Amino acid sequence: MIAIIKYNAGNIASVQNALARLGATSEITDDAATILRADKVIFPGVGEASSAMAYLRAKGIDETIRKIKKPMLGICLGLQLMCMSSEEGNTACLGIFGARVKVFPPKDKVPHMGWNNFSMLQAHPILRGIKEEDNLYYVHRYFASLSKETIATCDYIQKFSTVLHKDNFYATQFHPEKSAETGARILQNFLDL
Amino acid sequence: MLKKRIIPCLDIKNGRTVKGVNFVGLRDAGDPIDLAKRYVKEGADELVFLDITATIEERKTLIQLVKRIAAAINIPFTVGGGIQSVEQVAALITAGADKVSINSAAVKRPALIQEIADRFGSQCVVVAIDTKLVAGKWEVFVRGGRQGTALETTAWAVEVARLGAGEILLTSMNQDGTKAGFALEITQQVSELVNIPVIASGGAGKPTHFKTLFQKTEASAGLAASIFHDEEVAIPVLKNYLKKEKIAIR
């Protein structure tokens, strides 16, 4: 069973739909025991960083996430909340990755919305079968800086972390659940870990 | 590089796809799910579903349809048509819509844009602007293009961006249905003035129209309905053509 962490962020049903298309059973939950018992955990989200962090702390979900030993995948806001801090509402985040989340300078259209390719810094199981020219779907106003956990970068206005990995924690800035066949392959790679 | 998006639009009435000219002479054109899946397979970058029904009963059908769409397709989609309240938006987002498109209700009560953005994030608020060149001025029209307003298009675009719109869907009524090409001038004027993506709509008739749109304006996407629907222009053909013309396309 895949646990999808329930919190005050949108887009959670999309992840469940995407998993269902891959034949995986999932449960949307904020219950610590259920999350820690799951084979894999997905931490999705579209929303605002400081209010999301406040919610996670109030519900104790931040502590639960730190205890997860099984593979966990953060998506979009999920990725950003796994970093050190975010300029969105100037909040400290979970600190799993060393990257810091900053606002895009207004040198081009913001949000970064639509399909973009990426650069792979190293071959990685989560990107198995994916080519750098393959496109993934993005929608975000804030980006994660590069850090030692960065596996792949995307370039829009400037280079930012689009795939991060440390221990059992994985994260993508793009939305694999909305990225057609390429995204489905990445989700399958995560399920196969 | 960020790609220019090709977006087919489906008109929906009572849970079915419909076709007609200016909402007149509507005829059933099948199950939206079948058409949506076809477009996804052909390489559409996003889809827009525009509900043209009026009654509350039919709106319930829409929510069911949105759930089925969300389960069936793996690309983002927008739902629009007659949205007037944050509650309606909540129901659509919960059902699985990635974005909602608002039009007349935003003109009537601009604060609605901010209310939706505050609750669900700017990224899910598409403000649709229907515009028509009247006596040398691009005027904003509402109620499906039937009613003029005192608003000038570029000023309204700047205002909706300020209020938290994540994207503007700009339809030129002069071009709509003509298949003579997009309204380049107003599209570029709006694109230059706002820092959010602009989707151009109205007038697409052949692949060169998309090339011109992306070469002459900063539009992020081109939207069309009938040419994709009738397979006058197949999406794979269009995308291959644009790639050959060095436009950044997925």
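Located above this text is the structure these notes cover.
Since the model is a prediction, treat every value here as computed from it, not as a measurement.

1. As for the overall build of chain A
Along the backbone of chain A there are six helices and 14 strands. Relative to the compact-globule value of 16 Å for 193 residues, chain A shows a C-alpha radius of gyration of 15 Å, a close match. Dimensions along the principal axes, computed over C-alpha positions, put chain A at roughly 45 × 35 × 25 Å. The 193 residues of chain A split such that 61% are buried.

2. Digging into the packing of helix α6 (residues 153-162) of chain B against helix α7 (residues 184-193) of chain B
Residues and elements named next belong to chain B. Direction vectors running N to C along α6 and α7 enclose 35 degrees, while the axes themselves pass 9 Å from each other. With respect to the hand of their crossing, α6 and α7 are arranged in right-handed fashion. Contacts between α6 and α7 pair T153, T154, A157 and V158 from the former with I186, Q189, V190 and L193 from the latter. Residue composition of the contact of α6 with α7, by class: five nonpolar, three polar and no charged.

3. Quick look at the sheet that holds strand β9 (residues 119-120) of chain A
In a beta sheet, neighbouring strands pair by backbone hydrogen bonds and run either parallel or antiparallel. Residues and elements named next belong to chain A. Strands sit in the order β2-β1-β3-β4-β14-β13-β12-β9 across an open sheet of eight strands; the sheet is mixed. The two strands at the open ends of the sheet, each matched to only one other strand, are β2 (26-29) and β9. Sheet topology places strand β1 (residues 2-5) next to β2; four bridges connect them, and they run parallel. Residue pairing in the sheet places I5 in a bridge with T29 of β2. Where helix α6 (residues 180-192) meets the sheet, its contacts fall on β1, β3 (40-43), β4 (72-75) and β14 (169-172), and the angle it forms with β3 comes to roughly 140 degrees.

4. Comments concerning the environment of G74 of chain A
Relative to the elements of secondary structure, G74 of chain A occurs in strand β4. Beyond its immediate sequence surroundings of up to four residues, G74 of chain A is in contact with F43, L79, M82, Y170, A171 and T172 of chain A.

5. Regarding the nonpolar core
Residues and elements named next belong to chain B. Counting 79 residues, the largest nonpolar core has L47, F77, I113, I116, I168, F210 and F228 as its most contacted members. Of all the elements, helix α3 (residues 86-95) adds the most residues to this core, at six residues. Apart from residues no more than four positions distant in its own chain, I113 is found in contact with I102, A106, V125, V127, W156, V160, L163, G164 and A165.

6. Side note on α6 of chain A
The end-to-end C-alpha distance of α6 of chain A is 18 Å, a good match for the 18 Å that 13 residues give at a rise of 1.5 Å each. Taken together, the buried positions of α6 of chain A are A180, T182, G183, A184, I186, L187, N189, F190 and L191 of chain A.

7. Some remarks on the pattern of salt bridges
Residues and elements named next belong to chain B. One pass over the structure, following the stated rule, counts 19 salt bridges over all chains. A salt bridge links R68 to D31; its shortest N-O distance comes to 3.1 Å. On the criterion of sequence distance, the pair formed by R68 in helix α2 (residues 56-72) and D31 in the loop between β3 (24-28) and α1 (32-42) is long-range, its members being 37 residues apart. A salt bridge links K211 to E245, with the shortest nitrogen-to-oxygen separation between them at 3.6 Å.

8. Concerning the packing of aromatic side chains
For the structure on display, the rule yields twelve aromatic pairs over all chains. Ring geometry for F104 of chain A versus F160 of chain A: centroids 5.8 Å apart, planes at 80 degrees, classification edge-to-face. With F104 of chain A in the loop between β7 (100-103) and β8 (112-116) and F160 of chain A in strand β13 (residues 158-166), this pair connects stretches of sequence that are 56 residues apart. The exposure classification of F104 of chain A matches that of F160 of chain A, with both residues buried. A network of ring pairs unites the aromatic residues F104, Y138, F143, Y156, F160 and F174 of chain A as a single cluster. The ring of W115 of chain A is capped by R250 of chain B, whose NZ or CZ atom sits 3.8 Å from the centre of that ring.

9. Overview of the interface of chain B and chain A
The partner chain A presents 27 residues to the 30 residues of chain B that form the contact. Buried area between chain B and chain A, both sides added, is near 2,300 Å², and the carbon and sulfur share of it is 50%. Interface area lost by chain B to chain A is led by L2, N74 and N195 of chain B, which between them contribute 29%. Taken together, chain B and chain A are joined by one salt bridge. Notably, a salt bridge pairs K178 of chain A with D98 of chain B, separated by 2.8 Å at the nearest N-O pair. Run the count over chain B and chain A and you get 21 residue pairs in polar contact (both at pLDDT 80 or more). Per-element tally for the side of chain B that touches chain A: the top contributor is α2 of chain B, with three residues. Here the residues of the side of chain B that touches chain A sort into 13 nonpolar, eight polar and nine charged.

Calculation criteria
- Residues numbered from 1 in each chain as written.
- Chains lettered and ligands numbered in written order.
- Predicted model: local features only at pLDDT ≥ 70, side-chain atom pairs only at ≥ 80, totals over all residues.
- Heavy atoms only, no water.
- Helix = DSSP H or I, 4+ residues; strand = E, 2+ residues; numbered from the N terminus.
- Rg over C-alpha atoms; globule rule 2.2 N^0.38 Å.
- Buried < 20%, exposed > 50% of the residue type's maximum accessible area, 1.4 Å probe, protein only.
- Axes fitted to C-alpha atoms, helices over the stretch in contact; angles between N-to-C directions.
- Left-handed = near helix turned anticlockwise from the far one by under 90°.
- Contact = heavy atoms within 4.5 Å.
- Nonpolar A, V, L, I, M, F, W, Y, C, P; charged D, E, K, R; others polar.
- Pairing = 2+ DSSP bridges.
- Core = buried A, V, L, I, M, F, W, Y, C linked by side-chain atoms within 4.5 Å.
- Expected span 1.5 Å × (residues − 1).
- Salt bridge = Lys/Arg side-chain N within 4 Å of Asp/Glu carboxyl O.
- Phe/Tyr/Trp six-rings, centres within 6.5 Å; stacked < 30°, edge-to-face > 60°.
- Lys NZ or Arg CZ within 6 Å of the ring centre and 35° of its normal.
- Buried area = accessible area lost by both parts, 1.4 Å probe.
- Polar contact = N/O pair within 3.5 Å; in protein donor to acceptor, adjacent residues only side chain to side chain.

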